[in-house]
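Chain by chain, the residues:
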Amino acid sequence: DDAASAFEQAAEVAARCGMRWYRAHTLMEWAEALMAGAAGQTGEQARALLEEARSEFEAMGVPIYAEQIGARLSELAAE
């Protein structure tokens, strides 16, 4: 819970400051942290965070991260 709160706060601060890349990267790291923990609902939350991060990276024209996230989402779908 403490880690989730810290990730959420970091993402909110980045959004308020207009730091889109940092926010998207934070969402990506948050998802990875969730996936390292227990499965179940956190898996769905992780997928949602990855989708949001991918959309942000695509909107910013940063295809390398969008592609990495797409590959990660494909891995998750195969599990």
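In what follows, the structure referred to is the one given above.
Just so you know, these numbers come straight off a predicted model, no measurement behind them.

**Student:** Mind laying out the side chain of threonine 26, listing which residues take part and the relevant values?
**Tutor:** If you trace the backbone, threonine 26 turns up in helix 2 (residues 20-36). A relative accessible area of 4% places threonine 26 in the buried class. Within the structure, threonine 26 has its side chain in polar contact with the backbone oxygen of tyrosine 22 (distance 2.8 Å).

**Student:** Can you explain the packing of aromatic side chains? Please cite residues and give values.
**Tutor:** Applying the stated rule across the entire model yields four aromatic pairs. Each ring, one from phenylalanine 7 and one from tryptophan 30, has its centre 6.3 Å from the other, and the planes form 5°; the classification is stacked. Taken together, the residues span a long stretch of sequence, with phenylalanine 7 in helix 1 (residues 2-16) and tryptophan 30 in helix 2 at a distance of 23 residues. When sorted by exposure, phenylalanine 7 lands in the same class as tryptophan 30, which is buried.

**Student:** Which residues make up the pattern of salt bridges, and what are the values?
**Tutor:** Tallying each qualifying case throughout the model produces six salt bridges. Arginine 47 is paired through a salt bridge with glutamate 44; the nearest N and O atoms lie 3.5 Å apart. One end of the pair is arginine 47 and the other is glutamate 44, both in helix 3 (residues 41-60) and three residues apart, which spans about a single turn. The class for arginine 47 is partly exposed, based on a relative accessible area of 28%. Where glutamate 75 meets arginine 72, a salt bridge forms, and the shortest distance between an N and an O atom there is 3.0 Å. Taken together, the positions of glutamate 75 and arginine 72, both in helix 4 (residues 63-78) and three residues apart, correspond to about one turn of that helix. Relative accessible area serves as the criterion here: at 44%, glutamate 75 is assigned to the partly exposed category. Salt bridges sharing partners connect three or more residues here, namely Glu32, Arg72 and Glu75.

Here is what the cut-offs are and how they apply
- Residues numbered from 1 in each chain as written.
- Predicted model: local features only at pLDDT ≥ 70, side-chain atom pairs only at ≥ 80, totals over all residues.
- Heavy atoms only, no water.
- Helix = DSSP H or I, 4+ residues; strand = E, 2+ residues; numbered from the N terminus.
- Buried < 20%, exposed > 50% of the residue type's maximum accessible area, 1.4 Å probe, protein only.
- Polar contact = N/O pair within 3.5 Å; in protein donor to acceptor, adjacent residues only side chain to side chain.
- Phe/Tyr/Trp six-rings, centres within 6.5 Å; stacked < 30°, edge-to-face > 60°.
- Salt bridge = Lys/Arg side-chain N within 4 Å of Asp/Glu carboxyl O.

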